[in-house]
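Residue strings, one per chain:
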Amino acid sequence: MKLTEIELHNFRNYVDQTLKFSDGINVFLGENAQGKTNLLEAIYVLALTRSHRTNNEKELINWQSQTAQIKGRLQKRLGTVPIELDLGPKGKRAKVNHLEQAKLSTYIGQLNVILFAPEDLSIVKGAPQVRRRFMDMEFAQMSNRYLYNSTQYKKILKQRNRYLKDLHYKRQKDRVYLDVLSDQLSAYGAEIIYQRLQLLKKLEKFAQNVHSEISQGKEKLAFDYRTTVEADQLGSVELIYQSLLKHFAKIKDKEILRSTTLIGPQRDDLHFVINGKEVQSFGSQGQQRTTALSVKLAEIDLMKEQTDEYPILLLDDVLSELDDFRQTHLLTAIQDKVQTFLTTTSLSGVQQELLTNPRIFRISEGNVTMEK
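Residues numbered from 1 in each chain as written. Predicted model: local features only at pLDDT ≥ 70, side-chain atom pairs only at ≥ 80, totals over all residues. Heavy atoms only, no water.

Some points on the domain arrangement of the chain
Stated formally: Domain start and end points were adopted from an automatic or database domain assignment. Residue contacts follow a heavy-atom distance rule, with two residues in contact if any of their heavy atoms lie within 4.5 Å. Defined in terms of a 1.4 Å probe, buried area is the accessible area two parts forfeit on being brought together, summed over both. The term salt bridge refers to a pairing of a side-chain nitrogen on Lys or Arg with a carboxyl oxygen on Asp or Glu at a separation within 4 Å. Whenever a nitrogen or oxygen atom comes within 3.5 Å of another N or O atom, the pair is scored as a polar contact, on the condition that within protein one atom can donate a hydrogen and the other can accept it, and that pairs from neighbouring residues in sequence are kept only if both atoms are in side chains. Every helix listed is a DSSP run of H or I at least four residues long, and every strand listed is a run of E at least two residues long, numbered separately from the N terminus.
Looking at the assigned domains, one finds that the chain contains domain 1 (1–112 + 309–372) and domain 2 (130–307). Of note, the centres of domain 1 and domain 2, computed from C-alpha atoms alone, are 29 Å apart. Taken together, the contacts link 24 residues of domain 1 with 20 residues of domain 2. Carbon and sulfur atoms make up 61% of the area that domain 1 and domain 2 hide from each other, which totals about 2,000 Å². The largest contributions to the domain 1 side of the interface with domain 2 come from Glu 309, Arg 326 and His 329, which together make up 27% of the buried area. Note that Asp 301 and Lys 337 form a salt bridge whose closest N and O atoms lie 3.1 Å from each other. For the interface between domain 1 and domain 2, the tally reads five residue pairs in polar contact (both at pLDDT 80 or more). Looking at the side of domain 1 that touches domain 2, the elements with two or more residues in it are α1 (36–48) and α9 (324–334). If you tally residues by element for the side of domain 1 that touches domain 2, the top one is α9, at six residues.

What follows is the structure in structure tokens.
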């Protein structure tokens, strides 16, 4: 999969901008606060219909306009596909091959991206929600089923938390309805947990290979998914569903007292282990960075396996955060394999001999010029 062209209208500081890209490495070069990351963000939003930088979609629209538009042209295995995303007061509209999509869920997955930014280095040591978001964002691109279950789960979770609050403040008394919501939440939650486990098993295998290469065979990386569901109940969706139901029944009074749902995939976590020791607690900074890099590079191969297309890689000022050794491994791993977009303030800290024929775009105050 390649993004051959992007067209921006009133997106952030770009009023009208069209760029044509190389199939290999594309570099957005410029000082801070000039619009480099806005270009990377535009590609991310075009892929996932949401930003990685803000939850307020109004921020994505140029202050002089009410609407914004991002258009892209994809080169896929089976041909060229134009895609489009419109942002405005009435929400988002997406088109594939000029046909409007009834749901955004049918649009997501047309363009698959993997973002690697400095904050992704905190996937190991950061808060649990960072790792849950990582799983949800990446797995939703790979699986429409995961995306559907995740969307439904969030809707019912919101309803259930609202109803728990109503029970707590005595605005409602009917606990049977709470049981109905618990049943629905358990059904979708079981699907999510089971799919996470299946995809994590495959991701772990790819990450182990990468990590072993970087550590020169001295370290073995493993994943440890932490959930309320007992280990011997994780073998099927049905077993997970029954386990969640049982736990909800046990903690019903506690949840009403706290006015919130206390178990489920929105509370689970992913831990990383090197040679039997938890990286979060006992790993050096180097091991934490190697783990983050291994996981990100593993995503490329997993996405190819799941979708039959390589994703597009977005590197947001991350090379400056990696030492020469890890930088070399990253650039060597993506060479002639994945279309890559990277932002940097300077190429002096980048191992340029590993950048094969990059297309360089210089950005200054929202103006983009391509180097010849």
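Points about the packing of helix α4 (residues 175–214) against helix α8 (residues 285–307)
Filter applied, for reference: Axis lines are fitted through C-alpha atoms, for helices just across the contact stretch, and the angle between N-to-C directions can take any value from 0 to 180 degrees. An angle counts as roughly parallel when it lies under 35 degrees, as roughly antiparallel when it exceeds 145, as roughly perpendicular when it falls between 65 and 115, and as oblique in every other case. Handedness of a crossing is defined here by the sense of rotation of the near helix relative to the far one, left-handed for an anticlockwise turn of less than a right angle and right-handed for a clockwise turn. For this scheme, ten residues count as nonpolar: Ala, Val, Leu, Ile, Met, Phe, Trp, Tyr, Cys and Pro. Four count as charged, namely Asp, Glu, Lys and Arg, and the remainder, Gly too, count as polar.
Two elements in contact, α4 and α8, have axes separated by 7 Å at closest approach and are oriented at 125°. Considered as vectors, α4 and α8 are oriented oblique to each other. In this structure, α4 crosses over α8, and the sense of that crossing is right-handed. Of the residues contributing to the contact of α4 with α8, the split by class is eleven nonpolar, six polar and four charged.

Considerations on the nonpolar core
For clarity, the threshold we go by: Remark: nonpolar core denotes a set of buried residues (Ala, Val, Leu, Ile, Met, Phe, Trp, Tyr, Cys) joined through side-chain atoms within 4.5 Å. Buried, partly exposed and exposed residues are distinguished by accessible area as a fraction of the type maximum, computed with a 1.4 Å probe on protein chains only: under 20%, between the cut-offs, and over 50%, respectively.
With 115 residues, the main nonpolar core has Ile 6, Leu 46, Leu 111, Val 113, Phe 223, Leu 314 and Phe 341 as its most contacted residues. A per-element tally of this core places α4 first, with 13 residues. Not counting residues within four places of it along the chain, the set of residues in contact with Leu 46 comprises Leu 3, Ile 6, Ile 70, Lys 71, Gly 72, Ile 83, Leu 85, Tyr 107 and Leu 111.

Remarks on the sheet that holds strand β10 (residues 269–274)
Basically, it comes down to this: Here, any two strands with at least 2 DSSP bridges between them count as paired.
Reading across from one edge, β9-β10-β11 is the order of the three strands in this open sheet, with antiparallel pairing throughout. Either end of the sheet is taken by a strand with one partner, and the two such strands are β9 (221–226) and β11 (277–278). As paired elements, β10 and β11 share two bridges and run antiparallel to each other. Looking at β11, one finds that Val 273 is bridged to Glu 278. Against the sheet, α4 engages β9 and β10, with an angle of about 165° to β9. Running at roughly 115° to β10, α8 makes contact with β9 and β10 of the sheet.

Structural notes on the sheet that holds strand β4 (residues 68–76)
Whether parallel or antiparallel, the strands of a sheet pair through hydrogen bonds between backbone atoms. Spatially, six strands are ordered β2-β1-β4-β5-β6-β7 in an open sheet, and the strand pairing comes out antiparallel. Sheet topology places β2 (14–20) and β7 (99–100) at the edges, where each strand pairs with a single neighbour. For strand β6 (residues 91–96) and β7, the ladder comprises two bridges, and the chain directions are antiparallel. Bridge pairing in β7 links Lys 95 to Glu 100.

Let's talk about the pairing of strand β15 (residues 367–370)
As paired elements, strand β14 (residues 359–364) and β15 share four bridges and run antiparallel to each other. The residue of β15 that forms the bridge with Phe 361 is Met 370. The turn linking β14 back onto β15 is made up of two residues, and Glu 365 within it adopts a positive phi angle of 50°.

Some thoughts on α9
Taken together, the buried positions of α9 are Arg 326, Gln 327, His 329, Leu 330, Leu 331 and Ile 334. Each element contacted by the buried residues of α9 is listed here: α4, α8, β12 (312–316) and β13 (340–344). Note on α9: the residue one or two positions beyond its end, Asp 336, has a positive phi of about 55°.

Digging into the pattern of salt bridges
Summed over the entire model, instances satisfying the criterion amount to 24 salt bridges. Between Asp 179 and Lys 252 there is a salt bridge, with its nearest N and O atoms 2.9 Å apart. With Asp 179 in helix α4 and Lys 252 in helix α6 (residues 252–258), this pair connects stretches of sequence that are 73 residues apart. Residue classification places Asp 179 among the partly exposed residues on the basis of a relative accessible area of 35%. With its nearest N and O atoms 3.3 Å apart, the salt bridge here joins Lys 296 to Glu 299. In this pair, Lys 296 and Glu 299 are both assigned in helix α8, three residues apart and thus about one turn of the helix distant. When salt bridges with common partners are traced through the structure, they connect Arg 12, Glu 41 and Arg 53 into a single cluster.

Overview of helix α3 (residues 144–168)
Counting along an α-helix, one turn takes 3.6 residues, and residues three or four places apart therefore face a common direction. For clarity, the threshold we go by: Here, expected helix span is obtained from the residue count minus one, scaled by 1.5 Å.
Spanning 25 residues, α3 covers 36 Å between terminal C-alpha atoms, matching the ideal 36 Å at 1.5 Å per step. Structurally, the start of α3 carries an N-cap: the backbone nitrogen of Arg 145 is 3.3 Å from a side-chain oxygen of Ser 143. Positive phi appears at Lys 170, one or two residues downstream of α3, with a value of about 65°.

Regarding the UniProt feature "binding site: ATP" (unreviewed entry) in the chain
Going by this rule: UniProt positions are given in the numbering used here, feature names are shortened, and annotations may be inferred rather than shown by experiment.
Per the UniProt record, the feature "binding site: ATP" (unreviewed entry) sits at Gly 30, Glu 31, Asn 32, Ala 33, Gln 34, Gly 35, Lys 36 and Thr 37. The topology assignment puts Gly 30 in the loop between β3 (25–29) and α1. Aside from chain neighbours lying at most four places away, what touches Gly 30 is Lys 36, Thr 344, Thr 345 and Ile 363. As for its placement among the helices and strands, Gly 35 is situated in the loop between β3 and α1. Overall, the relative accessible area of 6% leaves Gly 35 in the buried class. Apart from residues no more than four positions distant in its own chain, Gly 35 is found in contact with Asn 13, Tyr 14 and Ile 363.

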